[in-house]
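Structure at a glance
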Amino acid sequence: MFEVEQTVKYLKGAVQNPELTWNDYISENFDWKSTAVIITLPMVVVSIFVNYVLAKFVFTSSGLAHIYTGELFLKTMAFALVSYFVFSYILAFFSSKFGGEADYDNALAASSLSAVPGALGSALSSVPVVGWLISIVLSIYTLVLLYRCIPVFLKVPQHKRLFHFIVSVAVWIIIAGVLATVFGVSMLGGLES
């Protein structure tokens, strides 16, 4: 069941106090469907919607207004949602190969909660002059949070965490390229040429 207060609590906590939020979230023992409803879906929808509105109606001089169509909006949303589910599978799969737990429920929680700053950056990426910089900085912070939360959610031993992270992200980049082609979007949010 979707509760706005619960979603706001976890999204806000993922930015303000990530470690406390991770521990709180994991203690609730949510399954992947609950995580999708509480965190992933609202985060993706709001982020892409805000970016769309900013690009299309607020910062129309940013150069994105003419390419950001309703079709691109829907394709980007579909790509982002599928991406979270596939990336979470990759995290869980490789977790078991590096001494952790192959727990898809926790992998989706880890990938979604760590991605909140990146989603915020994506939402603001169409802001002229500084949007791209905000997006890059918050995306890097998302990767740092993901690296830090892997032992919490997937129990990957500290000495294998770096290798798990590198392999998971490398495999993800390859698969994301294929998915972007299938959905007809750029991995950076624009149209494929």
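Note that this is a predicted model, so its numbers are computed, not measured.

**Description of helix α5 (residues 104–114)**
The element α5 is largely enclosed, with a buried count of nine among its 11 residues. Elements that come into contact with the buried residues of α5 comprise α1 (4–16), α2 (18–28), α3 (32–58), α4 (70–97), α6 (116–123) and α7 (131–154). Looking at where α5 begins, the residue whose side-chain oxygen comes 3.1 Å from the main-chain nitrogen of Asp105 is Asp103.

**A few points about the pattern of salt bridges**
Per the stated rule, a full pass over the model turns up two salt bridges. With a shortest N-O distance of 3.1 Å, Lys9 and Asp24 are connected by a salt bridge. Of the two residues, Lys9 is situated in helix α1 and Asp24 in helix α2; the sequence distance between them amounts to 15 residues. On the accessibility criterion, Lys9 (45% relative accessible area) is partly exposed. Residue Glu19 pairs with Arg148 through a salt bridge whose shortest N-O separation is 1.4 Å. Pair noted here: Glu19 is in helix α2 and Arg148 is in helix α7, with a separation of 129 residues, a long-range link. What makes Glu19 partly exposed here is its relative accessible area of 31%.

**Focus: the nonpolar core**
Ranked by internal contacts, the top residues of the largest apolar core, which has 48 residues, are Tyr10, Tyr25, Ile39, Met43, Val44, Leu113 and Phe153. Elements that contribute at least two residues to this core include exactly α1, α2, α3, α4, α5, α6, α7 and α8 (158–183). For this core, the element with the most residues is α4, which contributes 12 residues. Each residue touching Phe153, except ones within four places of it in the same chain, is listed here: Trp22, Tyr25, Ile26, Asn106, Ala109, Ala110 and Leu113.

**Regarding the environment of Ser112**
Positionally, Ser112 belongs in helix α5. Here the alpha-carbon distance between Ser112 and Ala14, two residues 98 residues apart in the chain, equals 9.4 Å. Here Ser112 is in contact with Thr35, Ile39, Thr40, Met43 and Tyr84, once residues within four sequence places are set aside.

**Digging into unusual backbone geometry**
The phi dihedral of Asn29 falls on the positive side, at around 55 degrees, and the residue is not glycine. With respect to the element layout, Asn29 can be found in the loop between α2 and α3. Asn29 sits in the exposed class, given a relative accessible area of 67%. In this structure, Lys155 takes a positive phi of about 60 degrees despite not being glycine. Mapped onto the secondary structure, Lys155 falls in the loop between α7 and α8. Classification of Lys155 by relative accessible area gives partly exposed; the value is 42%.

**Observations concerning a nonpolar patch on the surface**
On the surface, a cluster of nonpolar side chains totalling about 640 Å² of accessible area is made up of Trp132, Leu133, Ile136, Val137, Ile140, Tyr141 and Val144. Turning to its location among the elements, Trp132 is positioned in helix α7. With a relative accessible area of 52%, Trp132 lands in the exposed category.

**Some thoughts on the confidence of the model for the protein chain**
Of the residues in the protein chain, 89% have a pLDDT of 70 or more, and the chain-wide mean is 89. When the elements of the protein chain are averaged for pLDDT, α3 gives the smallest value, 90, and α5 the largest, 97. Of the regions scoring below 50 in pLDDT, residues 189–193 engages in 12 contacts with residues more than four places distant in sequence or in other chains.

**Examining the environment of Thr76**
Structurally, Thr76 is set in helix α4. As a C-alpha pair, Thr76 and Ala180 span 104 residues in sequence and 8.9 Å in three-dimensional space.

**As for the packing of α6 against α7**
At a minimum axis separation of 7 Å, α6 and α7 run at an interaxial angle of 170 degrees. Classified by the interaxial angle, the pair formed by α6 and α7 is roughly antiparallel. Seen from above, α6 lies across α7 with left-handed handedness. In contact with Pro117, Gly118, Leu120, Gly121 and Ser122 of α6, α7 contributes Ile134, Ser135, Leu138, Ser139, Tyr141, Thr142 and Leu145. A class-by-class count of the residues in the contact of α6 with α7 yields six nonpolar, six polar and no charged.

About the cut-offs
Residues numbered from 1 in each chain as written. Predicted model: local features only at pLDDT ≥ 70, side-chain atom pairs only at ≥ 80, totals over all residues. Heavy atoms only, no water. Buried < 20%, exposed > 50% of the residue type's maximum accessible area, 1.4 Å probe, protein only. Helix = DSSP H or I, 4+ residues; strand = E, 2+ residues; numbered from the N terminus. Contact = heavy atoms within 4.5 Å. Polar contact = N/O pair within 3.5 Å; in protein donor to acceptor, adjacent residues only side chain to side chain. Salt bridge = Lys/Arg side-chain N within 4 Å of Asp/Glu carboxyl O. Core = buried A, V, L, I, M, F, W, Y, C linked by side-chain atoms within 4.5 Å. Patch = residues over 30% accessible without salt bridge, like charges linked within 9 Å, V, L, I, M, F, W, Y side chains within 5 Å. Areas by Shrake-Rupley, 256 points an atom, 1.4 Å probe, with all protein chains shown as cover. pLDDT = per-residue confidence, 0-100. Axes fitted to C-alpha atoms, helices over the stretch in contact; angles between N-to-C directions. Parallel < 35°, antiparallel > 145°, perpendicular 65-115°, else oblique. Left-handed = near helix turned anticlockwise from the far one by under 90°. Nonpolar A, V, L, I, M, F, W, Y, C, P; charged D, E, K, R; others polar.

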